[in-house]
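So the chains spell out like this:
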Amino acid sequence: MRDLFNNITIKRVISPVSEAGTTALVGQIIDRQGYQSVTYAIATGSIADADATFTVLLEEGDVSNLSDAAAVADADLLGTEALAAFQFDDDNEARKLGYKGNKRYTRLTITPVNNASAALVSAVAILGHPESMPQPNPPV
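Every value quoted in this text rests on a predicted model; they were computed, and no experiment measured them.

Quick look at the overall build of the chain now. If you tally the helices and strands in the chain, you get one helix and 11 strands. For the chain, the N- to C-terminal ordering of α and β elements is β-β-β-β-β-β-β-α-β-β-β-β. In terms of overall size, the chain behaves like a compact globule, its C-alpha atoms giving a radius of gyration of 15 Å where 140 residues would be expected to give roughly 14 Å. By its C-alpha atoms, the chain is 45 × 35 × 25 Å across when sized along the principal axes.

Turning our attention to the packing of aromatic side chains. Counted according to the given criterion, the structure contains one aromatic pair. Ring plane angle 15° and centroid distance 4.7 Å describe the contact between Phe-54 and Phe-86, whose orientation is recorded as stacked. Note that Phe-54 is positioned in strand 5 (residues 53-61) and Phe-86 in strand 8 (residues 86-87), a separation of 32 residues in sequence. For Phe-54, a relative accessible area of 1% translates into the label buried.

Attention now moves to the nonpolar core. One recurring pattern in soluble globular proteins: nonpolar side chains tend to sit buried together. Ranked by size, the top nonpolar core spans 26 residues in total, and within it Val-13, Tyr-40, Ile-42, Leu-58, Leu-108 and Ile-110 carry the most contacts. Contributing elements (two or more residues each) for this core: strand 1 (8-19), strand 4 (35-47), strand 5, strand 9 (94-99), strand 10 (105-113) and strand 11 (119-130). The residues contacting Leu-58, other than those within four sequence positions of it, are Tyr-40, Ala-70, Ala-71, Val-72, Leu-77, Glu-81, Leu-97, Tyr-99, Thr-106, Arg-107 and Leu-108.

Moving on to the pattern of salt bridges. A side chain with one charge may pair with a side chain of the opposite charge, provided their charged atoms come close. Counting across every chain of the model gives five salt bridges. Put simply, Lys-103 and Asp-62 hold a salt bridge, and the shortest N to O gap is 3.1 Å. With Lys-103 in the loop between strand 9 and strand 10 and Asp-62 in the loop between strand 5 and strand 6 (70-71), the pair connects residues that are 41 residues apart, well separated along the chain. It is possible to trace a salt-bridge network through shared partners that takes in Asp-90, Glu-93 and Arg-95.

All right, on to the sheet that holds strand 11 then. The five strands lie next to each other as 1-11-4-9-7, forming an open sheet whose pairing is antiparallel. Two strands in the sheet have a free side with no partner beyond their single neighbour: strand 1 and strand 7 (77-78).

The rules behind these values
- Residues numbered from 1 in each chain as written.
- Predicted model: local features only at pLDDT ≥ 70, side-chain atom pairs only at ≥ 80, totals over all residues.
- Heavy atoms only, no water.
- Helix = DSSP H or I, 4+ residues; strand = E, 2+ residues; numbered from the N terminus.
- Rg over C-alpha atoms; globule rule 2.2 N^0.38 Å.
- Phe/Tyr/Trp six-rings, centres within 6.5 Å; stacked < 30°, edge-to-face > 60°.
- Buried < 20%, exposed > 50% of the residue type's maximum accessible area, 1.4 Å probe, protein only.
- Core = buried A, V, L, I, M, F, W, Y, C linked by side-chain atoms within 4.5 Å.
- Contact = heavy atoms within 4.5 Å.
- Salt bridge = Lys/Arg side-chain N within 4 Å of Asp/Glu carboxyl O.
- Pairing = 2+ DSSP bridges.

Purely geometric stuff here, so don't read any function into it on its own.
Structure (structure tokens):
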């Protein structure tokens, strides 16, 4: 049976927000324990500023508060941070960024540049290849 529903867990990373400045949107720390894979999904709504850009950074570490955070090496990414980034004319689009490294914890940060108007952004982490199935809904 082709069943993705029972094989993934989705975690909130960045709640839907209207960002009207250049403050970095620092996501929740995601714990991969019990899962072999994680993919981040980023969704945009309307981006009002005519020259805004949004960079994406994925960090990894072994400490639960990520006090040991380091940028993920390109070799441990599926896709690139550049392809996950977006700009003023990327209204109502979605991006993805995968992680294949060995660290337990990861964190996604989206940083606006030249943004002075409302930009609607959100992100979730999709944890896959769980040690046990089916996965509960909603996740615990």
